[in-house]
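Spelled out from the first residue to the last, the chains are:
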2 protein chains.
Amino acid sequence: MSFEAWVAVHTPRVNAALDQLCPADGSRLREAMRYSLLAGGKRLRPLLCIAAAEAVGSNIEHVLPAACALEMIHTFSLIHDDLPAMDDDDLRRGLPTCHVKYGEALAILAGDALQALAFELTAEYPQLLRLLAHACGQMCTGQAEDIAAEGKPISLSQLKMIHANKTGALLKASVVSGGLIVNAPPTQLSALETYGAQMGVAFQIVDDILDLTGDDATLGKPAGSDLKHDKATYPKLVGLEESKRLARAAEQEALTALEIFGESAEPLREIARYIVERNT
Amino acid sequence: MSFEAWVAVHTPRVNAALDQLCPADGSRLREAMRYSLLAGGKRLRPLLCIAAAEAVGSNIEHVLPAACALEMIHTFSLIHDDLPAMDDDDLRRGLPTCHVKYGEALAILAGDALQALAFELTAEYPQLLRLLAHACGQMCTGQAEDIAAEGKPISLSQLKMIHANKTGALLKASVVSGGLIVNAPPTQLSALETYGAQMGVAFQIVDDILDLTGDDATLGKPAGSDLKHDKATYPKLVGLEESKRLARAAEQEALTALEIFGESAEPLREIARYIVERNT
């Protein structure tokens, strides 16, 4: 199956599961949750989770609730990050952000409730749940550090630390959770962890590059947001060319970690290529 | 042991456990979390959890993480409810609210991170975690309904529904979780559930009464907040005397449910009396 075909099979399955696991109940709160959750998006975290489970090769039937929980946590963080008190963004996934559409109070509550629902869905899997909850905490830490660093000069190692928390932890957790659900042995889990960590790094570098070189339509959110908030980025700290080189180096490390897997890890490999090479 | 002595034994244990389970790490985010979490408060939810475990009579050693998770969830909801976009309150537990002290961005993130930490702590107990996560979702629903109802005429049954979600669900979960941790048999769990539900009702009625008749110093938060927000309350809908009668009726139902327990349920009985009779 080509990667495009693989994505075309799994993305609708994720979307259908999200729709089913967070059904409309007539309340405005649920409407706001669904507005942001079902607004499209690449479903990168669920796809990473499914691809990791597939790499291990077992029955991936039980992976969907975890995959959906990851997307719910991601969406909750986007809703809160977009709030006026945080990044104050009006556009997300090509649509008005949750607080623009539903007001700040409902946006805050929709984020809170999506976090709770994500944990409710993964209650069966203590190890997975601990991983997700810990990643959530890191995400909050990273966002707090990111806001605190606005307008201040920071070092590359500080930037790496902020991103490892803010976006890296959940991306890594997405990959590892796929392995956990299908009971991957320790060597495979460890390989998935390395892959996930490197994907986190690559993803953020490319995100920084795109914010500089992309346009609103491609991104589905306002380009130049980092400049607007005077945020430290990879291109700003090390230049555009070195940023691209670092992203490719992370991709390479991620691919090397996958060498212990056979063809079953092809979707994970393709995701790595897609993330890094789409625009660099 | 007198009830005062019981409270004096368990409250410091809860506070010490909260301090230990959410330790300072040098970050501003953690500082904001600890500021609100360790700001005092009656620790009603942890005490309900401990008292319920004690009623069942087993070893209550393992109850503290769950008791702390309940307080973290409660504190997260207070931080978010106090935000300018929600109830816009400046005073809580006698201190400036989290966003007044640390700014809105950090207050939102501190709430988010406290929710995540609560679930991390209870990952060992799937049944408990599902209960807590579900109660969190109900809390968000209730708060959204409460805000939507501001300034509008609502019926007593609508008011009951809002409160059952907003405050009742977590209070009930506090009691039930104590029973779950010590493996209470179904009949006892069911009695705890009835007690918890009635305590939720009683608590909210008394809270409404106190908002009307209390002062800032006694409440640790601004009195008259319900009037300010033009919120429906029990005294407003049924009058002060009928509100007091309803609170006492709920207390009576709660105490009746406890009849299957012996002396071990004395702390639960005392909490019921304390909640209802302190000011009615």
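Residues numbered from 1 in each chain as written. Chains lettered and ligands numbered in written order. Predicted model: local features only at pLDDT ≥ 70, side-chain atom pairs only at ≥ 80, totals over all residues.

## Some remarks on the overall build of chain A
This is how the line gets drawn: Secondary structure is summarised from DSSP: a helix means a run of H or I of at least four residues, a strand means a run of E of at least two, and numbering begins at the N terminus for each. For a compact globule the rule gives 2.2 Å times the number of residues to the power 0.38, and the radius of gyration it is set against comes from C-alpha atoms. Counts of 20 or more other C-beta atoms within 10 Å of a residue's own C-beta define buried residues, counts of 12 or fewer define exposed ones, and intermediate counts define partly exposed ones; C-beta atoms are placed from the backbone. Placing C-beta atoms from the backbone, we regard two residues as in contact once those atoms come within 7 Å.
Looking only at helices and strands, one finds 14 helices and two strands in chain A. Its C-alpha atoms give chain A a radius of gyration of 18 Å, within 12% of the compact-globule value 19 Å for 280 residues. For chain A, buried positions account for 53% of its 280 residues. Here the contacts in chain A between residues at least 6 apart in sequence split such that 72% fall between residues at least 24 apart.

## A look at helix α6 (residues 104–121) of chain B
Helical periodicity: at 3.6 residues per turn, an α-helix aligns residues three or four positions apart in one direction. Let me state the cut-off plainly: Given a helix with a known number of residues, its expected span is that number minus one, times 1.5 Å.
Between its first and last C-alpha atoms α6 of chain B spans 26 Å; for 18 residues at 1.5 Å apiece the expected length is 26 Å, and the two agree. The buried fraction of α6 of chain B is high, at 17 of 18 residues.

## A few points about the nonpolar core
What tends to happen in soluble globular proteins is that the nonpolar side chains get buried as a cluster. Our working definition: The term nonpolar core refers to a set of buried Ala, Val, Leu, Ile, Met, Phe, Trp, Tyr and Cys residues connected through C-beta atoms within 7 Å.
Grouped together as the largest cluster of nonpolar side chains are 183 residues, with contacts concentrated most on A110, L132 and A202 of chain A together with A110, L132 and A202 of chain B. Not counting residues up to four positions away in its chain, the partners in contact with A110 of chain B are L29, A32, M33, S36, I79 and C98 of chain B.

## Focus: the relation of the copies chain B and chain A
How we decide: A least-squares superposition brings the copies together, and it is based on the C-alpha atoms of residues with pLDDT no lower than 70 in both.
Superposing chain B onto chain A takes a rotation of 180 degrees combined with a translation of 0.0 Å along the rotation axis, leaving an RMSD of 0.0 Å. A rotation of that kind, with that shift, is consistent with a two-fold axis.

## Overview of the interface of chain B and chain A
Rules: Only Asp, Glu, Lys and Arg are considered charged, only Ala, Val, Leu, Ile, Met, Phe, Trp, Tyr, Cys and Pro nonpolar, and every remaining residue, Gly among them, polar.
Counting from both sides, the interface comprises 34 residues of chain B and, opposite them, 34 residues of chain A. Among the secondary structure elements, those contributing two or more residues to the side of chain B that touches chain A are α2 (28–37), α6 and α7 (126–149) of chain B. Sort the elements by how many residues they give to the side of chain B that touches chain A and α7 of chain B lands first, with 13 residues. Split into classes, the residues belonging to the side of chain B that touches chain A amount to 21 nonpolar, seven polar and six charged.

## A word on the environment of I154 of chain A
All names here are of chain A. Note that I154 resides in the loop between α7 (126–149) and α8 (156–181). The exposure class assigned to I154 is partly exposed, which follows from the 18 C-beta atoms found within 10 Å. C-alpha separation for the pair I154 and A232, spaced 78 residues apart in sequence, amounts to 7.0 Å. Residues contacting I154, with those up to four places away along its chain left out, are A149, L159 and A232.

## Things to note about unusual backbone geometry
Located in the positive-phi region is R93 of chain A, a residue other than glycine, with phi close to 50 degrees. Mapped onto the elements of the fold, R93 of chain A is located in the loop between β1 (91–92) and β2 (95–96). Of note in the backbone geometry, R43 of chain B takes a positive phi value of approximately 60 degrees without being a glycine. Here R43 of chain B lies in the loop between α2 and α3 (44–56).

## Considering the packing of helix α3 (residues 44–56) of chain A against α8 of chain A
Residue and element names in this part refer to chain A. Put simply, the test is: Every angle, taken between N-to-C directions, lies between 0 and 180 degrees, and every axis is a line fitted to C-alpha atoms, over only the stretch in contact when it is a helix. Crossing handedness is read from the near helix: turned anticlockwise from the far helix by less than a right angle, it gives a left-handed crossing, and turned clockwise, a right-handed one.
Between α3 and α8, whose axes approach to 7 Å, the crossing angle comes to 35 degrees. In this structure, α3 crosses over α8, and the sense of that crossing is right-handed. Note on element contacts: α8 touches α3 through L170, L171, S174, V175, S177, G178, G179 and I181, opposite R45, L48, C49, I50, A51, A52, A53 and V56. Grouping the constituent residues of the contact of α3 with α8 by class yields eleven nonpolar, four polar and one charged.

## Focus on the packing of helix α4 (residues 63–81) of chain A against helix α6 (residues 104–121) of chain A
Residue and element names in this part refer to chain A. Under the convention used in this document: In this scheme, roughly parallel covers angles under 35 degrees and roughly antiparallel covers those over 145, while 65 to 115 is roughly perpendicular and the rest are oblique.
At a closest axis distance of 8 Å, the pairing of α4 and α6 adopts a crossing angle of 160 degrees. Here α6 runs roughly antiparallel to α4, going by the angle between their axes. For the crossing formed where α4 meets α6, the hand is left-handed. Taken together, the residues of α6 that come into contact with α4 (itself represented by P65, C68, A69, M72, I73, T75, F76, I79 and H80) are A107, A110, G111, L114, Q115, L117, A118 and L121. Of the residues belonging to the contact of α4 with α6, the class tally is 13 nonpolar, four polar and no charged.

## Concerning α3 of chain B
Residues and elements named next belong to chain B. With 13 residues, α3 should reach 18 Å at 1.5 Å per residue; the first-to-last C-alpha distance of 18 Å fits that figure. Counting buried residues along α3, twelve of its 13 residues qualify, which places the element largely inside the surrounding structure. Burial in α3 covers these residues: R45, P46, L47, L48, C49, I50, A51, A52, A53, E54, A55 and V56. On the buried face of α3, the contacting elements are α1 (3–21), α4 (64–81), α8 (156–181), α9 (186–213) and α14 (266–277). Once α3 ends, the next one or two residues include G57, with phi positive near 95 degrees.

## Concerning the environment of R28 of chain A
Counting through the fold element by element, R28 of chain A comes out in helix α2 (residues 28–37). Residue class for R28 of chain A comes out partly exposed when judged on the 17 C-beta atoms lying within 10 Å of it. Taking the C-alpha atoms as reference points, R28 of chain A and Y102 of chain A, 74 residues apart in sequence, are found 8.5 Å from one another. Those residues in contact with R28 of chain A that lie beyond four places of it in its chain are L106 of chain A together with A144 and A148 of chain B.

## Examining the environment of K244 of chain A
Here K244 of chain A shows up in helix α13 (residues 240–257). Between the alpha carbons of K244 of chain A and E277 of chain A there is a distance of 9.4 Å; along the sequence they are 33 residues apart.

## Some words on the confidence of the model for chain A
Residue and element names in this part refer to chain A. Formally: The predictor attaches a confidence to each residue, called pLDDT, with possible values from 0 through 100.
Chain-level pLDDT for chain A is 92 on average; 96% of the residues reach the 70-or-more range. Confidence, read as mean pLDDT per element, is least for helix α10 (residues 216–219) in chain A (64) and greatest for α6 (98). Two summary scores accompany this predicted model of the complex, namely pTM at 0.95 and ipTM at 0.94.

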